[in-house]
Amino acid sequence: MDESSMPPPSVTAPGPPTPPVPLAALLAREELGLRRIAGPADADLLWVHTSEMADPYPYLLGGELLLSAGVLLTDPDRYVARLVEAGAAALGFGVRPVHESVPEALVEACDRHGLPLLEVPPETPFTTIARAVWRLMAEARHRELRRVTRAQQALATAAARPDPVPAVLHQLATHLDGRALLLTATGEELHTAGRHPSPEAAAALARLAGLVTRDRPGAPASATDTAGGTQLSAYALGGEVSSASSRDRSDLRTPTRADRPTQGQARDERRTHARDERVTAPQPQPQPQPQGERLALALATCRREPGDHTVAGIAVVLLSLLTAPHRGTDAAGRSAALVRLLLGASPAEVAPLLGPEGPWTVVHARRTDGTRADTLTAGALGASLGSTLVDAGYGEGDAVRVLLQEPNAPAPQPGWTLGAATPTPLPALPTADLRAARALAHAEATRTPLATETPATGLASLIPPDRAAAHARTLLAPLTPPLAGTLRCWLSLHGSWDRTAVALAVHRNTVRQRIGRCAELLGMDLNDMDVRTELWFALRQEPPSAP
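These figures come from a predicted structure and were not determined experimentally.

(A) Molecular detail of the overall build of the protein. Counting secondary structure elements, the protein contains 16 helices and 17 strands. Looking at the protein as a whole, 45% of its 547 residues qualify as buried. Only carbon and sulfur atoms are counted for the fraction: they give 54% of the accessible area of the protein, which is about 27,600 Å².

Right under this line is the structure:
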């Protein structure tokens with residue numbers, strides 16, 4: 001079958017954010033008294049759902065342990081068939097008060113359709129079963145996070161070795177207990193680690209690498225397949241290798257590997273990852289000629305464990321950064337700076353890799369509709385502002401941060417609220433980051449699309465900075481950093497309780513209490529304009545602090 005006749009990749013519904021629970025683990029909880037009386041022993045539970053409907057099919061997502069007392073059970077065969085059609089993982093049937101025992105017709109139907117059937121004793125509430133499943137999921141999630149953390153540390157350490165690419169692949173193959181390969185779009189092996197897969201699996205991996213490295217719109221960032229019971233995955237990397245040097249790649253290729261040709265025709269069936277198995281790899285930026293050949297990370301494992309896609313994603317990022325020098329000096333320098341920062345270097349050490357010393361402008365941004373920006377949306381904002389240095393943020397409420405270098409300057413963007421610090425040299429970026437956060441809070445409180453933290457001008461600029469700072473430290477000494485931050489925000493918003501509460505994301509009564517405490521500690525009347533002016537001057541000299 002040629003590539004044009006291949007079926008489109010299948011897309012499934014997103015799975016739960018926690019690993020599945022094996023049915024055997026739930027049955028092992030003796031306090032529940034559950035007993036499997038029909039159907040297969042192996043099943044993975046993704047959810048727990050209770051329903052007494054005659055046909056719960058429309059309300060199931062798939063993977064559920066469905067709990068029922070059989071209140072409306074009239075046709076067991078059709079009932080079980082509909083559950084299997086909906087993708088339910090197992091059926092838990094509670095005996096009494098509706099049924100004295102599990103109906104024999106239901107047992108036979110579950111055996112016939114291959115659906116595990118559990119007998120739930122009368123003394124076990126359904127909520128107890130649900131709580132046990134969630135606890136098992138939490139334990140599985142904890143084990144997964146510990147495994148991912150260990151893998152992340154090992155991969156980061158490998159990336160700092162003199163031979164980082166083979167070292168990363170070796171650690172990846174070790175933690176996934178399989179084979180890891182760095183392939184070109186033509187299937188050529190540049191580096192490999194781990195045990196050798198079967199010839200069928202090797203050929204399928206080469207075809208997957210060709211699929212994710214296609215230079216055309218809509219090419220997937222990752223793809224999966226199976227061959228002879230081996231789980232296969234391929235991820236597009238951001239790096240490239242120069243096509244002009246295709247005959248001599250000694251800087252990338254493992255020295256002992258022989259050249260390998262492109263292998264085979266595409267399989268009949270191939271699917272891209274759903275959310276629970278997808279890693280979106282960084283896409284390479286267009287580069288000047290000569291164009292390079294795109295790279296892919298390929299994996300072959302005996303089984304796919306929870307957390308494998310996360311570990312692979314870490315490797316994708318590191319390998320994309322490590323192969324970035326083959327894309328161009330500008331992108332390579334920035335990628336190298338990021339790698340060194342991740343591995344503990346100071347900003348001063350990596351500053352020369354970013355090009356000119358600056359000045360730089362830090363911009364904080366949030367969506368005006370309050371929705372969280374994903375990485376693609378944040379990247380689009382960075383492109384609009386003229387920068388690829390974007391931090392999308394990962395926590396709830398985190399602002400998108402963009403780093404601009406002159407001559408780029410921030411401008412209002414539709415759908416965004418922006419706060420910007422004044423241009424600053426690289427060593428002062430941490431302070432500029434706090435100033436930009438404060439400017440964003442001011443913009444949100446005043447409902448303006450862009451607020452900029454302006455430097456001191458006029459009479460304030462005539463006072464020597466060292467004397468002004470000394471006076472500010474003395475005047476504001478009684479205040480803690482949170483109180484000083486609240487006072488500064490309150491003064492910048494002309495004493496508005498409501499707008500200050502919005503800017504600080506606290507209740508207005510909290511603002512009143514803090515300002516009252518400031519007045520008490522300073523021994524000043526904050527309603528006096530002269531007092532406010534002096535405090536404002538002092539707060540402008542102090543470094544910004546989070547309220």
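(B) Quick look at empty space enclosed by the protein. Applying the stated criterion to the full structure yields two cavities of 30 Å³ or more. Roughly 30 Å³ of internal volume is contained in the second largest cavity. Broken down by class, the residue content of the lining of the second largest cavity amounts to six nonpolar, two polar and one charged.

(C) Structural context of the nonpolar core. Among the nonpolar cores identified, the biggest contains 29 residues, and Leu155, Val168, Leu169, Leu172, Leu297 and Leu299 are the most heavily contacted of them. For this core, the secondary-structure elements that each account for two or more residues are α4 (126–159), α5 (164–176), β8 (178–184), β9 (189–194), β11 (230–242), β12 (292–301) and α7 (308–322). When residues of this core are assigned to their parent elements, the largest contribution, eight residues, is made by α7. Counting 20 residues, the second largest nonpolar core, distinct from the first, contains Leu32, Leu45, Leu67 and Val120.

(D) Region of the structure containing the pairing of β8. Along β8, seven of the seven residues are buried, which leaves the element largely enclosed by surrounding structure. As judged from the five bridges shared by β8 and β9, these two strands associate in the antiparallel manner. Within β9, the position partnered with Leu182 by the bridge is His191. Linkage of β8 to β9, two consecutive antiparallel strands, is achieved through a turn of four residues, within which Gly187 is found at a positive phi near 90°.

(E) Inspection of the side chain of Ser492 at higher detail. Relative to the helices and strands, Ser492 resides in helix α13 (residues 481–492). In this structure the side chain of Ser492 is engaged in a polar contact, spanning 2.7 Å, whose partner is the backbone oxygen of Cys489. Contacts of Ser492, omitting those with residues within four sequence positions, involve His442 and Trp536.

(F) A look at α7. In this model α7 runs 21 Å from its N-terminal to its C-terminal C-alpha over 15 residues, within 8% of the 21 Å that 1.5 Å per residue would give. Extensive coverage of α7 is indicated by the burial of 13 of its 15 residues.

(G) Molecular detail of a negative patch on the surface. Taken together, Asp525, Asp528, Asp530 and Glu534 make up a surface patch of like negative charges. Structurally, Asp530 is set in helix α16 (residues 529–541). Look at Asp530 and you get exposed, because its relative accessible area is 62%.

(H) Structural context of the packing of aromatic side chains. Per the stated rule, a full pass over the model turns up one aromatic pair. In this structure, Arg82 packs its charged tip against the face of Tyr57, placed 4.1 Å from the ring centre. Above the plane of the ring of Trp416 lies Arg367, whose end atom (NZ or CZ) is 5.4 Å from the centre.

Rules behind the numbers
Residues numbered from 1 in each chain as written. Predicted model: local features only at pLDDT ≥ 70, side-chain atom pairs only at ≥ 80, totals over all residues. Heavy atoms only, no water. Helix = DSSP H or I, 4+ residues; strand = E, 2+ residues; numbered from the N terminus. Buried < 20%, exposed > 50% of the residue type's maximum accessible area, 1.4 Å probe, protein only. Areas by Shrake-Rupley, 256 points an atom, 1.4 Å probe, with all protein chains shown as cover. 1 Å grid on protein atoms, 1.4 Å probe; cavity = no way out; pocket = protein on both sides within 12 Å on 5 of 7 lines; lining within 4 Å. Points joined across faces, edges and corners; volume = space filled by probe spheres on them. Nonpolar A, V, L, I, M, F, W, Y, C, P; charged D, E, K, R; others polar. Core = buried A, V, L, I, M, F, W, Y, C linked by side-chain atoms within 4.5 Å. Pairing = 2+ DSSP bridges. Polar contact = N/O pair within 3.5 Å; in protein donor to acceptor, adjacent residues only side chain to side chain. Contact = heavy atoms within 4.5 Å. Expected span 1.5 Å × (residues − 1). Patch = residues over 30% accessible without salt bridge, like charges linked within 9 Å, V, L, I, M, F, W, Y side chains within 5 Å. Salt bridge = Lys/Arg side-chain N within 4 Å of Asp/Glu carboxyl O. Lys, Arg positive; Asp, Glu negative; His and termini not counted. Charge placed at Lys NZ, Arg CZ, Asp CG, Glu CD. Phe/Tyr/Trp six-rings, centres within 6.5 Å; stacked < 30°, edge-to-face > 60°. Lys NZ or Arg CZ within 6 Å of the ring centre and 35° of its normal.

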